[in-house]
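Below are the chains, spelled out letter by letter.
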Amino acid sequence: RRLLGTAGAAGAAGLVAGGAAGAFATETVRKDPAPLTGVGAASRPFYGVHQAGIADPAQTCGHFLAFDLAPDAGRKAAAALMRRWSNTAADLMAGKTPKGDETGVALDAGPSSLTVTFGFGRTFFDRTDLTSKRPDALEPLPDFSADALDSKRSNGDLWVQIGSDDALVAFHALRLIQQQAGNTARLRWQMSGFNRTPGATAQPMTGRNLMGQIDGTNNPKTSDPGFPAKIYVPEDRSGTDEWMAGGSYAVVRRIRMLLDTWEHLSLERQEKVIGRRKSDGAPLSGGTETTRPDLNKVNSDGALAIAGDAHIRVASPASNRGASMLRRAFSYHDGFLDDGAPDAGLLFVAWQADPLKGFVPVQRKLDRGDGLSRFLRHEASGLFAVPGGCKPGEYVGQRLLE
Ligand code: HEM
């Protein structure tokens, strides 16, 4: 996708940039393609046992798109769409221009850690006459008292998660995915988010969210021996949902932060709500960011070091019979509401092998007694079955749709 490789007639002789050749045109002569920086050159594999975009770090730019199949699009059309989308994702993630793409949006950039991840919502199975293969794990999520969900921005037959460390590369993928939906599927909703840019901090560190907290510290690590069992459906899965072998379930929540209220809290109160220090993410029981929180520690005044309603206490596996998930989120900001409050928060994605052993029990508990929930509104929700990855020549979801 390097510019010189596709610049046609202008290629060998150099390229004039700057629009119409007037007095103010600046001339840029590009003789040899300069090597891409680390950020642009980084790529993640499309083919594999698992889809990309789950266990790998969340990128700087993210787009989530949900589509509904057209009324006359059944299983065959859905299979053809998944083949088109998979081929495009494979090309883009390898830094290649897909055949027929003349958008030019990402011409000069490398793959920039692009990932494109596909999932199926509950309604997909009715539309494709595959209800008998629908996993029990796709039962609708229970209602939670903190929910203020907008059904138009929730769920959907198909879900696509796009992430890249370059905004143009991410948009390019979004645009091609939308174009290729053609007459088979219509966009239902779209959300965009962001994370810190690689290189913005002196050394790599856990990112912050829009409340200013270091977020992601106590996520399960890919090096943990129990990681695959928690996050992925076993590869030897049998039964009606064996097509989900190596897959995972994504719970997607658009969570608005009530920032005007939150920012009025003192630093001490903010830290108590989470149970960690804001500056460096260390637990209030002591140590550094990576020290294991001591939920039993009592201060000299007799109070718990990590308060009874602190987010990290209520959400921890220790308080939820081991329930855990991988949180891989993007922040979002979509302007301001009528009252001037930022329409901003977290596009929260929880990944797990079974939502009933991950998101659901933890959110139930948070709903009852989490100090942080007072400053949040869950505004949209989706639950998607994200199949395992595929081999070259195959497409994502082939084991379900073929
Ligand atoms: C931990 C923020 C929503 C589950 C944390 C931490 C922060 C945080 C700052 C501590 C650092 C870390 O370990 O990552 C937020 C914000 C949210 C949010 C700002 C909403 C906008 C949720 C939701 C869930 C959840 C909806 C699940 C239903 C967890 C879990 C931990 C955690 C499991 C790790 C607890 C531990 O074992 O230490 N969150 N969170 N969070 N959060 Fe949240």
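Note that the coordinates shown come from a computational prediction; the quantities given were computed from them, not determined experimentally.

Thoughts on the overall build of the protein chain
Point 1. Assigned secondary structure in the protein chain consists of twelve helices and nine strands.
Point 2. A compact globule built from 402 residues would reach a C-alpha radius of gyration of about 21 Å, and the protein chain, at 23 Å, matches this within 12%.
Point 3. Seen through its C-alpha atoms, the protein chain measures out along the principal axes to roughly 75 × 60 × 45 Å.
Point 4. The 402 residues of the protein chain split such that 41% are buried.

Points about the UniProt feature "domain: Dyp-type peroxidase C-terminal" (unreviewed entry) in the protein chain
Point 1. This chain's UniProt record puts "domain: Dyp-type peroxidase C-terminal" (unreviewed entry) on residues 207-391.
Point 2. Note that residues 207-391 is 18% helix and 22% strand, and that its end C-alpha atoms are spaced 33 Å apart.

As for the site of the ligand
Point 1. Near the ligand there are 27 residues, and of these Gln213, Thr217, Asn218, Ala315 and Ser316 occur at the shortest range.
Point 2. Counting only elements with at least two residues in the shell around the ligand, the list comes to β5 (248-257), α10 (311-315), β8 (342-352) and α11 (359-369).
Point 3. Its residues placed into classes, the shell around the ligand shows 15 nonpolar, nine polar and three charged.

Topic: the environment of Asp215
Point 1. By the element assignment, Asp215 lies in the loop between β4 (185-194) and α7 (227-231).
Point 2. By C-beta crowding, Asp215 is classed as buried, having 22 other C-beta atoms within 10 Å.
Point 3. Taking C-alpha positions, Asp215 is 23 Å from Ser112, a pair spaced 103 residues apart along the chain.
Point 4. Contact partners of Asp215, with chain neighbours within four places excluded, come to Gly207, Arg208 and Asn209.

Brief notes about the nonpolar core
Point 1. One finds Val116, Ala173 and Ile177 to be the most contacted residues of the largest nonpolar core, which totals 89 residues.
Point 2. In this view, Ala173 contacts Leu92, Leu114, Val116, Ile162 and Ser164; residues no more than four positions away in its chain are not counted.

Observations regarding unusual backbone geometry
Point 1. With phi around 55°, Asp129 is a residue other than glycine that occupies positive phi space.
Point 2. Positionally, Asp129 belongs in the loop between α5 (122-127) and β3 (158-164).
Point 3. On the basis of neighbour counts, which here come to 10 C-beta atoms within 10 Å, the residue Asp129 falls in the exposed class.

Remarks on the confidence of the model for the protein chain
Point 1. Taken residue by residue, the protein chain gives an average pLDDT of 92. The fraction at 70 or more is 92%.
Point 2. With pLDDT under 50 throughout, residues 1-27 is counted as low confidence; its partners more than four residues away or in other chains account for 30 contacts.
Point 3. Interface confidence in the predicted complex, given as ipTM, is 0.99; pTM for the same model is 0.92.

Comments concerning α11
Point 1. Where α11 is concerned, the buried positions are Phe359, Val360, Val362, Gln363 and Leu366. Each buried residue of α11 lies within a common arc of 165° when the element is viewed along its axis, so the set occupies one face.
Point 2. Those residues of α11 that are buried lie in contact with β5, α10 and β8.

Quick notes on the packing of helix α4 (residues 75-93) against helix α6 (residues 167-181)
Point 1. Axis separation between α4 and α6 bottoms out at 10 Å; the angle between their running directions is 160°. The angle between α4 and α6 places the two elements in the roughly antiparallel class. Between α4 and α6 lies a crossing whose hand is right-handed. Across the interface between the two elements, Leu81, Arg84, Trp85, Thr88 and Leu92 of α4 pack against Ala173, Leu176, Ile177, Gln180 and Ala181 of α6.

A closer look at the environment of Ala78
Point 1. Here Ala78 lies in helix α4.
Point 2. In the structure, Ala78 is positioned 14 residues away from Phe64 in sequence and 19 Å away in space, judged by C-alpha atoms.

Parameters and conventions
- Residues numbered from 1 in each chain as written.
- Predicted model: local features only at pLDDT ≥ 70, side-chain atom pairs only at ≥ 80, totals over all residues.
- Helix = DSSP H or I, 4+ residues; strand = E, 2+ residues; numbered from the N terminus.
- Rg over C-alpha atoms; globule rule 2.2 N^0.38 Å.
- Buried ≥ 20, exposed ≤ 12 C-beta atoms within 10 Å, placed from the backbone.
- UniProt positions renumbered as here; feature names shortened; annotations may be inferred.
- Near = placed C-beta within 6 Å.
- Nonpolar A, V, L, I, M, F, W, Y, C, P; charged D, E, K, R; others polar.
- Contact = placed C-beta atoms within 7 Å.
- Core = buried A, V, L, I, M, F, W, Y, C linked by C-beta atoms within 7 Å.
- pLDDT = per-residue confidence, 0-100.
- Arc of directions from axis to C-beta.
- Axes fitted to C-alpha atoms, helices over the stretch in contact; angles between N-to-C directions.
- Parallel < 35°, antiparallel > 145°, perpendicular 65-115°, else oblique.
- Left-handed = near helix turned anticlockwise from the far one by under 90°.

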